[in-house]
Structures are given as structure tokens and as C-alpha cells.
Amino acid sequence: MAAPQVATARLSAGMPRGVDLNLDKFNLSQVDIWAGTLAAPEGAEKLTMDTAAFWLDLDGPTSATFTAEDRALLSDIYNPTLSDRRSDGACFVPPPTSLTYMHKLKQLVKEESMVMQERKAHFFSTDFNMENVGPLFPSSWTSSIQLDGQAQGALAQRVPRPELEAQQELLREVLSAATPAFERQTEDGTHFLVYKIGSLEVRATKARDGRVSIGAVFSVGSAPPLDGGCRYTEDSEKVVKVTKYVERCSSGKLRCKYYVVVRTEGGNAVVVEKLLNGSVVWTENPEDLESRNFLAKVMRSEDCKGSTITVGELRGSARLSAATDGMSPSECKQYAQTAYRLAIGDFVY
């Protein structure tokens, strides 16, 4: 570290030695490599700089004293979560800057960084268990009491969903309004978070500055997901719940589209929506429904238990609503609203 209080002359490790002036030992056939360092005169590294100037250069927006590498190193060492040295005030003495001492610091910080990378790799893998976090994490994270259903949840199959993980911006927006099912903090102030939304499990870390990084998204369940189209919904099944969603879309004037999810007494789910080409899409038990709903926003929802509306009635109205001409985004939005009202029994064609 090149600090102003020390005039340090350094020679990089691995540079060729200077010529030995004793010609009796001079040998042109052998090249020696010097692996040592040359620092300032003895005692110079113990000179200190002003405490206020040290913290100003370390915490300020820019530094006139430290190189970018040295500043990053010292920021890790004096991490406010781990270090209380700032509270020492004028009693604080900045560290010495000898090459040997700085090398030891760099090695320690490097080892801590490697441990953090191992923690994240394990946390974002299918091997991580919230009830038994393993030796990489603090022992206080492991609870000695296990509630009913936790063991079954820990053993549930987790299927990675990289296509959802790639939508970082949208996921952060969704998670900002969600409450984590698991949240623990390590010594350096990093938060490890697990969110459970429907059949999806999202794992993320939050840095000291509040920045959230999503590292894994899984589909969780002991049974395989519903296979779209293979499980048929009977016309006689009654509607028990209706929800209207809006999701982002890369095309169209509104840059979004609307769809309605109808839940039936038989445990089935039907998705109804109108496309821009005028066709009405009726999908029963789609495989990606949980994922789609997770990334969408609920506009309206109605519990319809006791309703007399049947799947057959909705299926018939969907056929009648199909158009041969193209539709505008606003008309597709209006169709979703009409389908919602029809499903809850508030509209009749």
C-alpha cells in the first residue's frame, strides 16, 4: 500500500537479481530469481498518518492516498459489520504498511473471500437444507427444534429453473414485496435469503449496501408438475376461485397482457386469455402456471365457493369470443375483464 506517511521503495517479487560485484562468484550460465521484497528502512513502516485523513480517504467517494487495490483491501478489513475501530476516534492508529504485513492481510482477506464463495455455492445448490445448513455456516443457523412438515419440505425434490433466474430485474421487483421464509446473516453482514412463493423457491443474498443478488430458483414438490392438456377438466366442475393477472410483454402498445386463471372444485386450473391475432387461448393445467403467476401481478381475485358457474359455461363463451380479425392490446385487456366477470357470475352475454 502506498500511503503518504511512508516512503517505501519496492521491488516486485520474481524480478532478476542485480549483478554480484564479487566476480569470483559471477556465473553467466545460471539465472537466479529473487523471491523477496525490499522495503523502506527499518522502522519507517511504523510511521502513522493522521486518523481523520485515514478514514476520509477510506470512506470518501475518492482517495488521493490509496490505490484502488489497497483501498478495497482496507475496506474489507475495516468492514463496519466486523470492525468497531471507527468508534476509537483519535485513539485509532492506522495499520503499518510494510510489505510483509500487507501481504499477510491480503492472504487473510483472500481466505475469507474463498469461504464466502464456498458458502454461496452451497447455498445456491440443491444440497442446501434450511434445517441443517452444514459446517460452512454458523452453528447458530441450525435449529435444535424441528416443526411438523419441515422434514418433508427439506426432502422435497427441487428442480432448477434457470429461465426464471435469468429474469433478475423482474424477480427483484417481485421479491421486494415478499417476506423471506428463511433469513440469516453471516459475520461480514451478508444476508442469505430464501423466498417461497407457491411451488417456487427463490434463493438470494443481500450485501451490506442492500444490493440483492438472486442465485437460484427452484420448482419444489414431491410430485411431478401438471402436464398441460393431459388432465382434462370436466364441463360439470364448478368454479371455486377466479384471479385476473397482468404480466410484462415485449410486444404490443401496452407492453403487458392480461389473463384469467379459473380454479375448479376438482382441483383443476384453467387459463383463459385473448391474443392479438383474435384467438382465445383456453389452457387446462399448464405446466408453467406457478412460474407464470409468480412473475405476474394479481389485479383482482374472487373466492367463488358455492357458485353455480361451471367450466362448460366458460368453455362455451370462450368459443363464442374468438375473432377472425386482429385485436388491439386494449381489446385483449377488455376480454380478460369480461372473462373474469363471467367466471364470478357478474356478467351474462
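Here, every reference points to the structure presented above.
In this report, the structure presented in the accompanying data block is examined. (Residues numbered from 1 in each chain as written. Predicted model: local features only at pLDDT ≥ 70, side-chain atom pairs only at ≥ 80, totals over all residues. Heavy atoms only, no water.)

## Some words on the packing of helix α2 (residues 68-77) against helix α3 (residues 99-123)
1) Next: Between α2 and α3, the shortest axis-to-axis distance is 10 Å and the interhelical angle comes to 65°. The way α2 lies across α3 gives a crossing that is left-handed. Residues E69, L73, D76 and I77 of α2 pack against M102, L105, K106 and V109 of α3.
2) Next: Split by residue class, the contact of α2 with α3 holds 5 nonpolar, no polar and 3 charged. (Axes fitted to C-alpha atoms, helices over the stretch in contact; angles between N-to-C directions. Helix = DSSP H or I, 4+ residues; strand = E, 2+ residues; numbered from the N terminus. Left-handed = near helix turned anticlockwise from the far one by under 90°. Contact = heavy atoms within 4.5 Å. Nonpolar A, V, L, I, M, F, W, Y, C, P; charged D, E, K, R; others polar.)

## A short note on the side chain of R71
1) Next: Take R71: it is sitting in helix α2.
2) Next: The residues contacting R71, other than those within four sequence positions of it, are D57, L58, D59, G60, P61, T62, S63 and F66.

## As for helix α9 (residues 329-343)
1) Next: If you check α9, its first and last C-alpha atoms are 21 Å apart, about what 15 residues at 1.5 Å a residue would give, namely 21 Å.
2) Next: Among all positions in α9, only C332, Y335, A336, Q337, T338, A339, Y340, L342 and A343 are buried.
3) Next: Turning to α9, the residues buried within the fold contact β6 (239-248), β7 (256-264), β8 (269-274), β9 (280-284), β10 (297-303) and α8 (311-321).
4) Next: Looking one or two places after α9, you find G345, whose phi comes out positive at around 80°. (Expected span 1.5 Å × (residues − 1). Buried < 20%, exposed > 50% of the residue type's maximum accessible area, 1.4 Å probe, protein only.)

## Thoughts on the environment of Y259
1) Next: With respect to the helices and strands, Y259 occurs in strand β7.
2) Next: Look at Y259 and you get buried, because its relative accessible area is 0%.
3) Next: Linking Y259 and M299, residues 40 residues apart in sequence, is a C-alpha distance of 10.0 Å.
4) Next: Those residues in contact with Y259, other than ones at most four positions away along the chain, are T243, K244, Y245, E247, V271, V272, E273, R292, N293, A296 and A336.

## What about the sheet that holds β7?
1) Next: Read from one edge to the other, the open sheet built from 5 strands follows the order β9-β8-β7-β6-β10, with strand pairing classed as antiparallel. Each edge of the open sheet carries a strand with a single partner, namely β9 and β10. Put simply, the sheet's adjacent strands are angled 15° from each other on average, direction ignored.
2) Next: Pairing geometry for β6 and β7, over 9 bridges, is antiparallel. Within the sheet, the bridge partner assigned to R248 lies in β7 and is C256.
3) Next: Along the sheet face, α8 touches β6, β7, β8 and β9 and points at about 150° away from the line of β9. (Pairing = 2+ DSSP bridges.)

## Here's the deal with the packing of aromatic side chains
1) Next: Scanning the entire structure with this criterion turns up 16 aromatic pairs.
2) Next: Look at F137 and W141: their rings are 4.8 Å apart centre to centre, the planes differ by 20°, and that puts the pair in the stacked class.
3) Next: Where Y245 meets Y259, the ring centres are 5.1 Å apart and the plane angle is 15°; that geometry is what we call stacked. On the criterion of sequence distance, the pair formed by Y245 in strand β6 and Y259 in strand β7 is long-range, its members being 14 residues apart. Side by side, Y245 and Y259 carry an identical accessibility label, which is buried. (Phe/Tyr/Trp six-rings, centres within 6.5 Å; stacked < 30°, edge-to-face > 60°.)

## So, the pattern of salt bridges
1) Next: Per the counting criterion, the structure on display carries 14 salt bridges.
2) Next: D235 serves as the salt-bridge partner of R315, at 2.8 Å between the closest nitrogen and oxygen. Within this pair, whereas R315 is found in helix α8, its partner D235 is found in the loop between β5 (212-221) and β6, the two being separated by 80 residues in sequence.
3) Next: R315 sits in the buried class, given a relative accessible area of 9%.
4) Next: Salt bridges sharing partners connect three or more residues here, namely R158, K196, E201 and R203. (Salt bridge = Lys/Arg side-chain N within 4 Å of Asp/Glu carboxyl O.)

## A closer look at unusual backbone geometry
1) Next: The phi dihedral of N285 is positive, around 50°, even though this residue is not glycine.
2) Next: Tracing the backbone through its elements, the reader meets N285 in the loop between β9 and α7 (289-295).

## Concerning the packing of helix α1 (residues 51-59) against α2
1) Next: The geometry of α1 relative to α2 is characterised by a closest axis approach of 10 Å and an angle of 105° between their N-to-C directions. In terms of their interaxial angle, α1 and α2 are classed as roughly perpendicular. Where α1 approaches α2, its residues F54, D57, L58 and D59 are matched on the opposing element by R71, L74 and S75.
2) Next: Counted by class, the contact of α1 with α2 contains 3 nonpolar, 1 polar and 3 charged residues. (Parallel < 35°, antiparallel > 145°, perpendicular 65-115°, else oblique.)

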